[in-house]
Amino acid sequence: MNVTLAKTAGFCFGVKRAVDTVYNQIQKADVPIYTYGSIIHNEEVVADLQQKGVRVVEDLSQLCALKPGIMIIRSHGVSKETISAIEQAGFTTVDATCPFVKKIHKIVEEQSKEGKHIVIIGNNSHPEVEGTKGWVDGPVTVIEDVENSQKFHILDKKSVCIVAQTTFNYNKFQELVEIISKKGYDISVLNTICNATEERQAEAAELAEKSDAMIVIGGKHSSNTQKLFEISKKECENTYYIQTLSDLDLQKLKSVRNVGITAGASTPNTIIQEVFDNVRRI
Ligand code: F3S
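The rules behind the values
Residues numbered from 1 in each chain as written. Predicted model: local features only at pLDDT ≥ 70, side-chain atom pairs only at ≥ 80, totals over all residues. Heavy atoms only, no water. Pairing = 2+ DSSP bridges. Helix = DSSP H or I, 4+ residues; strand = E, 2+ residues; numbered from the N terminus. Axes fitted to C-alpha atoms, helices over the stretch in contact; angles between N-to-C directions. Contact = heavy atoms within 4.5 Å. Core = buried A, V, L, I, M, F, W, Y, C linked by side-chain atoms within 4.5 Å. Buried < 20%, exposed > 50% of the residue type's maximum accessible area, 1.4 Å probe, protein only. Salt bridge = Lys/Arg side-chain N within 4 Å of Asp/Glu carboxyl O. Near = heavy atom within 4 Å. Nonpolar A, V, L, I, M, F, W, Y, C, P; charged D, E, K, R; others polar. Phe/Tyr/Trp six-rings, centres within 6.5 Å; stacked < 30°, edge-to-face > 60°. Right-handed = clockwise from strand over helix to strand, strands pointing away. Parallel < 35°, antiparallel > 145°, perpendicular 65-115°, else oblique. Left-handed = near helix turned anticlockwise from the far one by under 90°.

1. Comments concerning the sheet that holds strand 1 (residues 2-5)
The strands making up a sheet associate through hydrogen bonds between their backbones, and the pairing can be parallel or antiparallel.
Turning to step 1, where the next piece is worked out: In space, the 4 strands of this open sheet follow the order 1-12-10-11, with parallel pairing throughout. Strand pairing shows two members of the sheet lacking a second neighbour, strand 1 and strand 11 (239-242), which therefore form its edges. Here the average twist between neighbouring strands, direction ignored, is 20°.
Turning to step 2, where the next piece is worked out: With 5 bridges joining them, strand 10 (residues 213-217) and strand 12 (residues 258-263) adopt parallel strand pairing. Within the sheet, the bridge partner assigned to alanine 213 lies in strand 12 and is valine 259.
Turning to step 3, where the next piece is worked out: Its contacts with the sheet place helix 8 (residues 195-209) against strand 1, strand 10 and strand 12, and it is angled at close to 165° to strand 12.

Shown next, in the form of C-alpha cells:
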C-alpha cells in the first residue's frame, strides 16, 4: 500500500503560531491564562489546553468575574476597542493575530485615515471580519455577495479601498470587485486573501484524484475540513471523513493500493501522524 500525506495537511502558519503561543505561555506564565474565543476549532486541542488551566473567554462581559492574567488573542484578530477593553480590565494581552490578518488591520486603519471608504469582502458575522471592522477609522461596508455589491452606493465621490477576508474565495472576490468597479468610484483593490486555504484544497484534489481511498481528518464543525471532504469526494468516491483515528475502520482499507491523507487547518499534527502511522501499518 502507498500512503501519501498531503504536505499542506493540518495547521496553517497563523494557527500554528497561535497554538504555539498558548503552549509557550503555559511554560512561562505564573498568572492565569485565557484565550479570547477558542484558539482553534478543534475539541482535542481545546480540551488539552483546558486541562492545563487555560480558560476560554467568550466576550468582554465575562472579564469582571475573572482574576486578571494573560489574555491571548487568537489568529482571527479582534478590534482595537476589544484590545483596549481587555487591557483596561487589568489583563495583559498577548497578540497571536495572524500577521496576514494584522496586515489587513494596518491597511484599513491607514486607508480610512486618509479618508477612504473601506469595503471588506467577506462574511459579516465571521470573527475576523468583525475584528477588521474595528480597525477602520471612518465608514466601512461589508460585502458578502452579488446582491450586496449591486446595492453598494455611497453618496459623496469618496475613494474606495477594497480588501478581502483572508479565507474568501478568490473567484467570488473577483466577481464582486468587478461589480463595484463599474460604479464609477475611484477604487483601489488589495487582494488580501491568504493562499494557505487554496493551496490545501488544490493539493487535496490532486491527491484524491490519484488515490483509491482518501482520508480527510478534522473537526465535525470545521468548515474548511468539510470543504476538503467535498473536494476529495468529487475526485475519489472512497473518501472518509474522520475526527481521530478511532473513527476510521482500518479493515475497509485492507485491499486498497493508494491511500491519500489530508487534514483541515485546525487538525493537530499528533492526530495526523497517528492516522498516517496506523494506515501505513496495515
Ligand atoms: Fe493566517 Fe492564512 Fe492561516 S491568514 S491564520 S495563515 S489561513
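2. Regarding the nonpolar core
Turning to step 1, where the next piece is worked out: Membership of the largest hydrophobic core comes to 24 residues, with the highest contact counts inside it found for Ile215, Ile217, Leu248, Leu253, Ile261, Val275 and Val279.
Turning to step 2, where the next piece is worked out: Contributions of two or more residues to this core are made by helix 8, strand 10, strand 11, strand 12 and helix 10 (269-280).
Turning to step 3, where the next piece is worked out: Sorting elements by how many residues they give to this core places helix 10 first, with 5 residues.
Turning to step 4, where the next piece is worked out: When residues no more than four places from it in sequence are discounted, the contact partners of leucine 248 are Ile215, Tyr240, Ile242, Leu253, Val275 and Val279.
Turning to step 5, where the next piece is worked out: The next biggest cluster of nonpolar side chains, apart from the first, holds 22 residues, and it includes Ile83, Ile104, Trp135 and Val142.

3. Describing the pattern of salt bridges
Turning to step 1, where the next piece is worked out: Here the structure, examined in full by the defined rule, presents 8 salt bridges.
Turning to step 2, where the next piece is worked out: Ionic pairing is found between lysine 16 and aspartate 20, a salt bridge with its closest N-O pair at 2.9 Å. One end of the pair is lysine 16 and the other is aspartate 20, both in helix 1 (residues 13-28) and 4 residues apart, which spans about a single turn.
Turning to step 3, where the next piece is worked out: On the accessibility criterion, lysine 16 (43% relative accessible area) is partly exposed.
Turning to step 4, where the next piece is worked out: A salt bridge links glutamate 237 to lysine 233, with the nearest nitrogen and oxygen atoms 3.4 Å apart.
Turning to step 5, where the next piece is worked out: A residue is classified by how much of its surface remains accessible, and glutamate 237, at 62% relative accessible area, is exposed.
Turning to step 6, where the next piece is worked out: Residue lysine 233 is classed as partly exposed on the basis of its relative accessible area, which comes to 30%.
Turning to step 7, where the next piece is worked out: Counted as one network, the salt bridges with shared partners bring together Lys80, Glu109 and Lys113.

4. Some remarks on the sheet that holds strand 2 (residues 33-36)
Turning to step 1, where the next piece is worked out: One open sheet accounts for 4 strands, arranged 3-2-4-5; its pairing is parallel. At either margin of the open sheet sits one strand with a lone partner, and together these are strand 3 (55-57) and strand 5 (92-95). Sheet twist, expressed as the average angle between the axes of neighbouring strands with direction ignored, equals 30°.

5. Considerations on the site of the ligand
Turning to step 1, where the next piece is worked out: Close to the ligand lie Cys12, Gly14, Val15, Cys98, Phe100, Thr166 and Cys194.
Turning to step 2, where the next piece is worked out: Of the residues in the shell around the ligand, the class split is 5 nonpolar, 2 polar and no charged.

6. Topic: the packing of aromatic side chains
Turning to step 1, where the next piece is worked out: Going through the model one piece at a time under the given rule, you end up with 4 aromatic pairs.
Turning to step 2, where the next piece is worked out: Seen in terms of ring centroids, phenylalanine 229 and tyrosine 241 are 5.3 Å apart; in terms of plane orientation they differ by 40°. Their pairing is tilted. Residue phenylalanine 229 is found in helix 9 (residues 223-235), and its partner tyrosine 241 is found in strand 11; the two are separated by 12 residues along the sequence.
Turning to step 3, where the next piece is worked out: Owing to a relative accessible area of 22%, phenylalanine 229 belongs among the partly exposed residues under this scheme.

7. Structural notes on the pairing of strand 11
Across a regular strand the side chains alternate sides, sitting on one face of the sheet and then on the other.
Turning to step 1, where the next piece is worked out: Taken together, the 4 bridges between strand 10 and strand 11 define a ladder with parallel strand orientation. Paired with isoleucine 215 across the bridge in strand 11 is tyrosine 240.
Turning to step 2, where the next piece is worked out: Taken together, strand 10, helix 9 and strand 11 constitute a β-α-β crossover, and its handedness is right-handed.

8. Considerations on the packing of helix 1 against helix 2 (residues 43-51)
Turning to step 1, where the next piece is worked out: Running from N to C, helix 1 and helix 2 point in directions that differ by 15°, and their axes come no closer than 11 Å. Considered as vectors, helix 1 and helix 2 are oriented roughly parallel to each other. You can see that helix 1 and helix 2 cross each other, and the crossing is left-handed. Contacts between helix 1 and helix 2 involve Val19, Val22, Tyr23 and Ile26 from the first element and Val45, Asp48 and Leu49 from the second.
Turning to step 2, where the next piece is worked out: Here the residues of the contact of helix 1 with helix 2 are counted per class, giving 6 nonpolar, no polar and 1 charged.

Purely geometric numbers; function is a separate question.
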